[in-house]
Amino acid sequence: MKKIVCLLLSLAMLATMLMGCGNTPAQNGEENTNGPVKITMWHSNSGTNGEALQEIADAFNKSQSDYELELVYQGEYGDAFTKYKSTPAGAGPDLFMCQIEQMQYMIDSGTAIPLQDFIDRDNFDISDLSEGLVRSYTIDGKFYALPMGSSLVGIVYNADLFEQAGVDPALLKSWDGVFEAAQKLVDSGVCTYGGAIAPSGFELEFVAAMEGKDIVDNDNGHSGRATKAVVDENGIGEFYFDIVKRAGESKYFNTDFTSDGDYKSLLISGELGFLYRTSSYIGSFYSGAEGKYKVGFVNSPASANATGGQIAGGCSTWIVDNGDEARANGAWEFVKFCMHEDMQLVWATATGYVPLTNSATNSDQYKEYMSEVCPDLETAIAEFGESTSSGALLGLFTKWRELVKAEMFNIYNDASYTPAQATEHFVKAVNEEIEMYNLSN
């Protein structure tokens, strides 16, 4: 609590210092007689995350007088994205926070202004940004969106239960080790369930990235528009669905729930040893456990023959093209404000998302935070920084994940349903969706 207070005080001091900074017209000697330009941001952050974002927005509004930012909560990410797509041009927000899987649509739709346009115009230095995060949002040399809300996919675990059971967390680095750890935890009597894979649908693409396998053709969509899934051709489909099959058949795994929230509750209660999810769960697990448990995290497991690496998950903020230069400039000013080290410290320590700047990641405050909340996070972030893998580009990731999730439940609910069948059914269904997307975009 003391550190959070210190961060908020730093934030307030920064806002005061920035009152005299910037390149907006009113700060270059031109009086702003019409009042501040109003800009809006649509987002899907609730609870602690929403409070942290509001704190940053308030600081931005206090730091200057030319723009006034209003945050508008639009429900879950899927609901917000649906509303965004159906909103007429010019009637939407000035900033839109969406998940990384919507990146291809945001590019294809032409509704957003690439950050690269502003960076080039202002000769703005982004060397402090994480190279891995910038790479995740750079296509054909153009950096598109601010990766403020990025997370790492892996295993969040109850470090105290592992210690009590005498189980080495290093087992979680491989899939065989994951199942061995789950059995040892339960057999030791420290928890009811060893592990769980929350059925969110993103798992296949991240497992593929770790193994060094593409999920769609044309170099994972980077050398041309994806026209089909290739998870049947390179074996990664069966590899992943076999993991799901093993979890479904294991008495040491919980596969009963359809909601991420239910699995999070199991983890916080101490009934579950570990959960395959994202690093964004670290903060809520830590606060929910109220100090009863220590939190651990390991990047996504991989096989001994894996040739890939970690890719970014989570969400990002886009500047929307509403045909209004003043509002677009205001959105750009907020994006730059968010890059400041103090803003990143407030955001990362409140949410569990990965800081997007190197200065924040390497700061004493963030290192102290990691030491207290999740010491493993430092290693996980370093491993991500060393990775050269890039995720796939696909305009219908939302549908892709729905279909992956459906096949997971087919496996869980039908003991005779095989990984080969799941792969075949998935590829047939997703290829039809890809064809329809490409015809209409």
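Just so you know, these numbers come straight off a predicted model, no measurement behind them. (Residues numbered from 1 in each chain as written. Predicted model: local features only at pLDDT ≥ 70, side-chain atom pairs only at ≥ 80, totals over all residues. Heavy atoms only, no water.)

1. Re the overall build of the protein chain
Each helix and strand counted, the protein chain has 20 helices and eleven strands in total. In terms of overall dimensions, the protein chain is globule-like: its C-alpha atoms have a radius of gyration of 22 Å, near the 22 Å expected for 441 residues. By its C-alpha atoms, the protein chain is 70 × 55 × 35 Å across when sized along the principal axes. Burial analysis of the protein chain (441 residues in total) assigns 55% to the buried set. Residue pairs at least 24 apart in sequence account for 77% of intrachain contacts in the protein chain once pairs closer than 6 positions are excluded. With an accessible surface of roughly 18300 Å², the protein chain has 48% of that area assigned to carbon and sulfur atoms. (Helix = DSSP H or I, 4+ residues; strand = E, 2+ residues; numbered from the N terminus. Rg over C-alpha atoms; globule rule 2.2 N^0.38 Å. Buried < 20%, exposed > 50% of the residue type's maximum accessible area, 1.4 Å probe, protein only. Contact = heavy atoms within 4.5 Å. Areas by Shrake-Rupley, 256 points an atom, 1.4 Å probe, with all protein chains shown as cover.)

2. Quick word on the nonpolar core
Residues F274, W400 and F426 are the most contacted members of the largest nonpolar core, which totals 147 residues. With eight residues, helix α19 (residues 397–413) is the largest single contributor of residues to this core. (Core = buried A, V, L, I, M, F, W, Y, C linked by side-chain atoms within 4.5 Å.)

3. Structural notes on the packing of helix α8 (residues 175–188) against helix α11 (residues 236–249)
Interaxial distance between α8 and α11 falls to 12 Å at its minimum, and their mutual angle equals 10°. It follows from the interaxial angle that α8 and α11 lie roughly parallel. Counting all contacts with α8, which are made through W175, D176 and F179, the residues of α11 involved are F239, I243, R246 and A247. Each residue belonging to the contact of α8 with α11 can be placed in one class, and the counts come to five nonpolar, no polar and two charged. (Axes fitted to C-alpha atoms, helices over the stretch in contact; angles between N-to-C directions. Parallel < 35°, antiparallel > 145°, perpendicular 65-115°, else oblique. Nonpolar A, V, L, I, M, F, W, Y, C, P; charged D, E, K, R; others polar.)

4. Things to note about the environment of G50
Inspection of the secondary structure assignment puts G50 in helix α2 (residues 47–63). Residue classification places G50 among the buried residues on the basis of a relative accessible area of 14%. For the pair G50 and Y73, spaced 23 residues apart in sequence, the C-alpha separation works out to 8.4 Å.

5. Looking at the packing of aromatic side chains
For the structure shown, the criterion picks out 21 aromatic pairs. Ring centres of F179 and F253 lie 4.9 Å apart, and the angle between their planes is 35°; this geometry places the pair in the tilted category. Within this pair, whereas F179 is found in helix α8, its partner F253 is found in the loop between α11 and α12 (260–269), the two being separated by 74 residues in sequence. Relative accessible area serves as the criterion here: at 6%, F253 is assigned to the buried category. A connected cluster of aromatic rings, assembled from ring pairs, spans Y157, F162, F179, F253 and F274. Seen from the ring of W42, K83 lies directly overhead, with NZ or CZ sitting 5.0 Å from the centre. (Phe/Tyr/Trp six-rings, centres within 6.5 Å; stacked < 30°, edge-to-face > 60°. Lys NZ or Arg CZ within 6 Å of the ring centre and 35° of its normal.)

6. Concerning the side chain of S150
With respect to the helices and strands, S150 occurs in strand β7 (residues 150–158). By relative accessible area, which is 1% here, S150 ends up buried. From its side chain, S150 meets the backbone oxygen of P147 in a polar contact 3.2 Å long. Once residues within four sequence positions are removed from consideration, S150 is found in contact with L133, Y137, G313, G314, C315, Y353 and V354. (Polar contact = N/O pair within 3.5 Å; in protein donor to acceptor, adjacent residues only side chain to side chain.)

7. Some thoughts on α2
Helix length check: α2 (17 residues) gives 25 Å between terminal C-alpha atoms against 24 Å at 1.5 Å per residue, within 8%. When we look at burial in α2, the residues that qualify are N49, G50, A52, L53, I56, A57, A59, F60 and S63. (Expected span 1.5 Å × (residues − 1).)

8. What to know about the pattern of salt bridges
All chains considered together, the criterion is met by 16 salt bridges. For the salt bridge of D94 with R327, the shortest nitrogen-to-oxygen distance reads 2.7 Å. With D94 in the loop between α3 (77–86) and β3 (95–99) and R327 in helix α14 (residues 325–338), this residue pair connects regions lying 233 residues apart in the sequence. The class of R327 is buried, set by a relative accessible area of 18%. The closest approach of N and O atoms between E402 and K399, which form a salt bridge, is 3.4 Å. Of this pair, E402 and K399 both sit in helix α19, separated by three residues, roughly a single helical turn. A relative accessible area of 44% places E402 in the partly exposed class. Taking relative accessible area as the criterion, K399 reaches 31% and is therefore assigned partly exposed. (Salt bridge = Lys/Arg side-chain N within 4 Å of Asp/Glu carboxyl O.)

In short, geometric facts, not functional conclusions.
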